[in-house]
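A structural walkthrough
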Amino acid sequence: MLSDSLWIFGTSRSGKTTRLVNQFSAWLQIDSQVPDLFYNKNIHNSQPQPIDSKVNLHQKELGILLLAANDDNRRELADRVTTLTLGKYPIRVKTALGFFQDEVILFWPLLIDSLSIKAQFPVRLRPETEQELATKLWSCQLDSEVLRRVGMNENRLVRRILDLWQLAAYSGVPCEDIPKILHSGLEDSSINLEPQFLGSLLLNWRNWCLERGLLTYALITELYHQKLLTNSSYQEHLKQRYQGIIADDVDDYPAIAGNLFEFLLDAGAVGAFSYNPHGKVRWGLGADPEYLSRLSARCQVENLTNPPKNSLGYSLTSQMVELVTQPMTMLRLPSFVQPIQTTSRAQLLRQTAEMIIDGVKSGEVAADEVAIIAPGLDAIARYSLVEILTKQNIEVASLNEQRPLISSSVVRALLTLMALVYPGLGRLVDRDAVAEMLVVLSQYQTQNGEEKGFHHSKIDPVRAGLIADACFVPHPDTPNLLPVKTFERWDRIGYIATQSYEKILQWIQAQREQYHQRLLLTPIFFLYQAIQDFVCNDKNPSYQELAVLRELLETAQHYWEIDTRLKQTDPLFLSLHTPETLSITIIDSDSVAIAIFIQLLRRGTITANPYPIRPIGSSRKAVTLATIFQYRASRKNHRWHFWLDIGSPLWAKGGAATLFGATLFLQDRLGQPWTAADEELAEEERLQRIVADLLARVSDKLYLCHSDLAVNGQEQIGPLLPLVHACEVV
């Protein structure tokens, strides 16, 4: 017989996920003595059919819900389970929010009936689109006087208000109750806005989205918990579909996930859950580990509390935690913990990179066995480390780096192409943009006799500037590029550059003709055509280039999907409150939508993080560069760690800012004020978790990198500085 539910309590890298996978394996290998909850349910046959171990896996209809803490972990868990089942069993591993989203969309007809809303297929809003539309909807209420009183810009205020709804939805608090929580838990000076006013904004936004079938993450979460999970018809479906639950790292799950688990357990399902006391990475970002820990009372508890013996955490955790919590302790750290100390941060970055170069060149460590971890990575640090290491042929992989799409020169070139083809967009293109477009697009062209895929620009920046000066004709409606012979000394451009320019010019003219003949279907098709004809014509783009292009197409697809939906209900909504600097001449609706799309990208609100965000095949042999939050969330481990800016006070923050009001929505202190003493205790506990977690993820050497002065010139005296003083100077 199958045992009761299992609660695996274990520290980082103690084997929790392996234990869960083994439990899943045990469930699949059960013979005819399986209890009733694991019988195949056949709606055409009243007699249950027991699962026999001789039956092929793909014939089994075992209903098990598999959940992971985040998308990276979800893919890794899915890979492990798929390998276990040899791909013969249909496995779907989801994050909690991904599961809620799938369920809301699947049971949307049920929600239409219960909410009495218009029957239309739902469309999910990305966070950046959500912010854009909410800003337009609230623009009248959030006037300059309100912004002055609050003391922050419009974008930041809108994001803060929307985050409050997301936090409330995660904790199971209805949108209507948010003002009450804010009133009891916040001082009047915290945000300088009446809780009732904030509540009215959010209710207005929620109703506006529901009427148009637009789903934000907050709305998805609220609908699932408030409407679906309480619906008797849905409850019956849920019981029939899932008789088992496997959830990894539940310390990073929102409170309502606990309510879902409790419902399934009450319905007779069995579960296997893992919980890491040194985890809680998403505490302050919507996770409620204390609330989830209540499930342990309903399970058999297995303790896996020892760090792996091949990690520094096995021997160092207690010493380093003592040094952090009691700075006056007289302890010396062993020789495999070494300091890198400099006066300036520039020197620190240089010495850190040189230490890695020496280790890799000597063969002591491989590039993919090194991780640089920092509380925050500014552009200077990121650029410096990448530049120094790549010059020595050592690749650097930034973990989950979400750079704005507009930071890619290829994306900027494609947007310039759009402004040159579609009418009415002349104010969005200038001489410099045209010159950059020529340089970028020409590097993908292949001339006669040249090896296919040879990568360099046929039009260099100097020639591109000359062409843009002489041949670009600005115009608010129809900006134009003239033939190269318009330039009196066009012979100075050179044959190769001239041929390349003529090809680009012919392509633009062909697209314009298709537009006027109504053969150019959509802006998305235009982007796809441009990518195919220029970027992918003669060469295969690198994974990094391909990821950015894929995200651009995904973003455009999403944007025009929302545009199409809003044209049915609010035809002028997207063009409302357009910045005066844009001054679009209304030629057609496509031009308006494209102009706003380009503006949205130029503000840097959309990041390149496409699906899938990792290449297929073997991983890159590269040094990992990550913030504390990114590294801990990825659950990676390396032989060497470099803890950058060890004296920074940001280590106590965990490398990620806590969302405003997050502590008000924790179930064990719902609506209670968060005091300075609470914050001090929370930072101390977070710091101990970070130290223990990171030590469990390094096996050979730890370098503590400290500069006396931060990048802004201030002295660094953060809470981890005692670790540097306790090192043996080598």
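What comes next is a walk through the structure. For every chain, the first residue of the written sequence is number 1, and numbering continues from 1 onward in sequence order. Restriction of local features to residues with pLDDT of at least 70 applies here, the model being predicted, together with a cutoff of 80 or more for giving and counting side-chain atom pairs; totals for whole chains, interfaces and linings are based on all residues. Only heavy atoms go into the side-chain values, all of them from the structure, while hydrogens and water stay out.

**Here's the deal with the packing of helix 3 (residues 96-106) against helix 10 (residues 217-228)**
Working note: a packed helix pair is described by the angle between its axes plus the distance between those axes. Formally: Helix axes are fitted to C-alpha atoms over the stretch in contact, other axes to C-alpha atoms as well, and angles between N-to-C directions run from 0 to 180 degrees. Runs of E in the DSSP output that reach at least two residues are strands. Runs of H or I that reach at least four are helices, and both are numbered from the N terminus. Should an angle lie under 35 degrees it is considered roughly parallel, over 145 roughly antiparallel, and from 65 to 115 roughly perpendicular; all remaining angles are considered oblique. Each crossing gets its handedness from the near helix: less than a right angle anticlockwise from the far helix is left-handed, clockwise is right-handed. Residue contacts are defined here by distance: any two heavy atoms, one from each residue, within 4.5 Å place the two residues in contact. The nonpolar class holds Ala, Val, Leu, Ile, Met, Phe, Trp, Tyr, Cys and Pro. Asp, Glu, Lys and Arg form the charged class, and all remaining residues, Gly among them, are polar.
Taken N-terminus to C-terminus, the directions of helix 3 and helix 10 make an angle of 70 degrees; their axes are 9 Å apart at the nearest point. Compared by their axis directions, helix 3 and helix 10 come out roughly perpendicular. In the packing of helix 3 onto helix 10, the handedness of the crossing is left-handed. Together, L97, F99, F100, Q101, E103 and V104 of helix 3 and Y217, I220, T221, L223, Y224 and L228 of helix 10 make up the contact between the two elements. Residues belonging to the contact of helix 3 with helix 10 are distributed by class as follows: nine nonpolar, two polar and one charged.

**Focus: the packing of aromatic side chains**
What characterises a pair of aromatic rings is the spacing of the ring centres plus the angle enclosed by the ring planes. How we decide: Here a Phe, Tyr or Trp ring, Trp counted by its six-membered ring, pairs with any other such ring whose centre lies within 6.5 Å, and the pair is stacked when the planes are under 30 degrees apart, edge-to-face when over 60, and tilted otherwise. Burial classes follow relative accessibility: with a 1.4 Å probe on protein chains only, a residue under 20% of its type's maximum area counts as buried, one over 50% as exposed, and anything between as partly exposed. Lysine NZ or arginine CZ positioned within 6 Å of the ring centre and within 35 degrees of the ring normal marks a charge as sitting over the ring.
In this structure the tally under the stated criterion is 25 aromatic pairs. Ring geometry for Y224 and Y234: centres 5.7 Å apart, planes at 85 degrees, overall edge-to-face. Placement of the pair is Y224 in helix 10 and Y234 in helix 11 (residues 232-241), with a sequence separation of 10 residues. A single burial state applies to Y224 and to Y234, both of which are buried. Judged by centre distance (5.4 Å) and plane angle (70 degrees), the rings of Y422 and Y515 are edge-to-face. On the criterion of sequence distance, the pair formed by Y422 in the loop between helix 17 (409-421) and helix 18 (431-442) and Y515 in helix 20 (residues 495-516) is long-range, its members being 93 residues apart. Note on Y422: relative accessible area 2%, which makes it buried. Here the aromatic residues W7, F9, Y253, F261, F273 and Y275 are joined through ring pairs into a cluster of three or more. Between R160 and the ring centre of F660, over which it is positioned, the NZ or CZ distance is 4.2 Å.

**Looking at unusual backbone geometry**
One non-glycine residue, S116, adopts positive backbone phi at about 55 degrees. Among the structural elements, S116 can be located in the loop between helix 4 (108-115) and strand 6 (123-124). The exposure class of S116 is exposed, given its relative accessible area of 65%. Although it is not a glycine, N393 adopts a positive phi angle of roughly 60 degrees. Tracing the backbone shows N393 in the loop between helix 16 (379-390) and strand 13 (395-398). Of the residues examined, N393 reaches a relative accessible area of 72% and is grouped as exposed.

**So, the sheet that holds strand 4 (residues 64-68)**
Filter applied, for reference: Pairing between strands is defined by DSSP: at least two bridges between them are needed.
If you trace the six strands from one edge of the open sheet to the other, you get 5-4-8-9-1-10, paired in parallel fashion. Of all the strands in the sheet, just strand 5 (93-95) and strand 10 (300-304) have a single pairing partner and so form its edges. Neighbour to neighbour, the strand axes of the sheet diverge by 20 degrees on average, direction disregarded. Pairing geometry for strand 1 (residues 6-10) and strand 9 (residues 270-275), over four bridges, is parallel. Across the sheet, residue F9 finds its bridge partner in strand 9, namely Y275.

**Digging into the sheet that holds strand 17 (residues 638-643)**
Ordered in space as 11-18-17-12-16-13, the six strands form an open sheet in which the pairing is parallel. Every other strand in the sheet has two partners, leaving strand 11 (337-342) and strand 13 as the edge strands with one partner each. With strand direction ignored, the average angle separating the axes of adjacent strands in the sheet is 20 degrees. Bridge count between strand 12 (residues 370-374) and strand 17: four bridges; the pairing is parallel. Residue I373 lies in a different strand from strand 17, and its bridge partner there is W643. Those strands touched by helix 16 are strand 12, strand 13 and strand 16 (622-627), and its axis lies near 150 degrees from that of strand 13. Across the sheet, helix 25 (residues 676-695) touches strand 12, strand 17 and strand 18 (698-707), and the angle it forms with strand 17 is around 145 degrees.

That's the geometry; what it means functionally is another story.
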